[in-house]
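If you want the building blocks of each chain, they are given just below.
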Amino acid sequence: MTRRATPQPLDVRPVTDAELADWTRAVNTGFLRPPTVPDRMLADRRVAFAGSRVSGAFDGGRCVATFRSFAQELTAVGGAAVPADGISNVTVAPTHRRRGLLTRLMADDLAAAKERGDVVATLIAAEYRIYGRYGFGPATTMTEWSIDVPRAGLDPRWSGPLDGGRIDFADGEEIRRLGPQLHERLRRERAGVIDRNEHWWAARTGRLWLYGDAWVEPFFVVYRSADGVVEGMASYRTDEKWSDAKQPLNTAAVNWLTAVTPAAERALWHYLCSIDWIATVRTGWRAPDDLLPLHLPDPRAASITTQADWLWVRVLDVVRALEARTYAASGVSVLEVVDRAGLAGGRFLLDATPDGASCTPTTRDADLTLDVADLATLWLGDETVGRLVSLGRVREERAGAAREADALLRTSGRPWCPDMF
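Along each chain, the written sequence defines residue order, and numbers are assigned to residues from 1. With the structure being a predicted model, the display of local features is reserved for residues of pLDDT at least 70 and the display and counting of side-chain atom pairs for 80 or more, all residues being used for whole-chain, interface and lining totals. Excluded from the side-chain calculations are hydrogens and water; all other atoms, namely the structure's heavy atoms, are used.

Our focus in this paragraph is the sheet that holds strand β18 (residues 368–371). Sheets are built from strands paired through backbone hydrogen bonds, the pairs being either parallel or antiparallel. Strands are labelled as partners when DSSP assigns at least two bridges between them. Helix and strand definitions follow DSSP, with helices as H or I runs of at least four residues and strands as E runs of at least two, each counted in order from the N terminus. Strand order in this open sheet of 5 strands is β17-β16-β15-β18-β19, and the pairing throughout is mixed. Each end of this open sheet is capped by a strand with a single partner; those strands are β17 (356–361) and β19 (394–396). Put simply, the sheet's adjacent strands are angled 25 degrees from each other on average, direction ignored. Where strand β16 (residues 346–353) lies against β17, 6 bridges are found, and the strand directions are antiparallel. From the neighbouring strand, F348 faces β17, where its bridge partner is P361. A fitted line through C-alpha atoms serves as each axis, taken over the contacting stretch for helices, and the angle formed by two N-to-C directions is quoted from 0 to 180°.

Here it is, written out as structure tokens:
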């Protein structure tokens, strides 16, 4: 009988500057991208990753697992920003699976985030079944629509907003100048939105090359209200496709669209659907309760092409997380939070009112028992306690406790994270 060789211990540690190229090759391999790393991309990553916590696992000097985290802010229900540990670039080489590498990297990072005082950790999960075991729960949903422009019913002669506003083309420099302030307005209003640092704007306007193919300039447009205030902007690309009968079949694919008023949102979508030769508009990552379909005379022209979980959250500090958000009603609930990692478990008394809330450890009998991952799913308001009770993921210890907790946690709009990171 042939004996399987005993794996040698692997070195799990922070990545040095000299190892960043090997680390990036490992990231590309894990995400099935070409493993080569152009010199400019590597140089730009050094700039963008400054201040990030870049870690890896090494086998004989070769990087075989990758992990990166960085400082982030996440908007809670009501508009307060909480410090978060943003996690990205998580890979394990297919040659080194099932050796506990992700568990070691994740445990080290979450422990450090807890020590720093981060309220939550966040990530975008490439695979659904991985991150629940580390205490993460899906907290927002993403929807993408495809708009059949001829069917939408909009006036093809449209030449501008009907509310006195205007839409203008912009260049990257203008977007870098105007975009951050607009995004700050958005994230003060919408739970689930994360901050965008200067590197985000640089990468989306061609100043930094961090991902994918070489930069191709998109179209940028800015919406200004009648009094000249910037209330929306969008980035999009188009293809060039015609039928054999010389009929235009072109698509406008939205990279991102930000609007802080319904008028701006309506005007930008109307603009995109009015571009000559565009037959289809792909919306990019939108909120599941986005107004978009109802902005069209025929909402059926917007068909859902993708709807899935998006931002995942891991609560690291139950007290600060529950005190940071607002509540629609007054009430008291005792939560038994189970956390197998020992980072945020315990029994907590939540005393909430529309004017504020307090959360304190308690010895009172629990009303609800739930895993820390399910607390994350409920925290931003994209799920209900009652549904999780029905699924067996939350246990109701007192009759009526789920209904009372839902009255507290309910939100008027669903959370939305517009970004990948």
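To continue, consider the nonpolar core. Put simply, a nonpolar core is a bunch of buried Ala, Val, Leu, Ile, Met, Phe, Trp, Tyr and Cys residues held in one set by side-chain atoms that sit within 4.5 Å of each other. Remark: exposure states derive from per-residue accessible area (1.4 Å probe, protein chains only) relative to the maximum for the residue type, with buried under 20%, exposed over 50%, and partly exposed in between. Ranked by internal contacts, the top residues of the largest apolar core, which has 46 residues, are L74, V120, V318, L322 and W379. Once residues within four sequence positions are removed from consideration, W379 is found in contact with L74, A76, V77, V82, V120, V313, A321, L322 and R325. V149, V254, W269 and C273 belong to the second-largest nonpolar core, a separate cluster that totals 28 residues. We call two residues in contact whenever any of their non-hydrogen atoms come within 4.5 Å of each other.

Now for the environment of V281. Within the secondary structure, V281 sits in strand β12 (residues 278–282). When its relative accessible area of 0% is taken as the criterion, V281 is described as buried. For V281 and V229, which are 52 residues apart along the polypeptide, the C-alpha to C-alpha distance reads 26 Å. In contact with V281, other than residues within four places in its own chain, are W145, S146, I147, V149, A252, V254, W269, L272 and C273.

By volume, the second largest pocket is sized at about 330 Å³. Lining the second largest pocket are 16 residues, with L186, R190, A259, E265 and L291 sitting closest to its centre. If you list the elements that add at least two residues to the lining of the second largest pocket, you get α5 (172–189), β11 (250–259) and α7 (262–272). The dominant element in the lining of the second largest pocket, judged by the number of residues it contributes, is β11, at 3 residues. Any residue outside Ala, Val, Leu, Ile, Met, Phe, Trp, Tyr, Cys, Pro, Asp, Glu, Lys and Arg is labelled polar, Gly included; the first ten of those are nonpolar and the last four are charged. Looking at the lining of the second largest pocket residue by residue, the class counts come to 8 nonpolar, 2 polar and 6 charged. Computed over the protein atoms alone on a 1 Å grid, cavities are sets of points where a 1.4 Å probe fits but cannot get out and pockets are open sets with protein on both sides within 12 Å along at least five of seven lines; a residue lines them when it has an atom within 4 Å of a point. Grid points are joined across faces, edges and corners, and a volume is the space filled by probe spheres set on the points.

Locating T362 in the fold gives a position in the loop between β17 and β18. Residue T362 is classed as buried on the basis of its relative accessible area of 19%. Polar contact is defined as a pair of N or O atoms within 3.5 Å, subject to the rule that within protein one atom must be able to donate a hydrogen and the other to accept it, and that residues adjacent in sequence are counted only when both atoms are side-chain atoms. Among the polar contacts listed, one links the side chain of T362 to the backbone nitrogen of R364, at a separation of 3.1 Å. Residue contacts for T362: discarding those within four places in its chain leaves V334, R347, F348 and L349.

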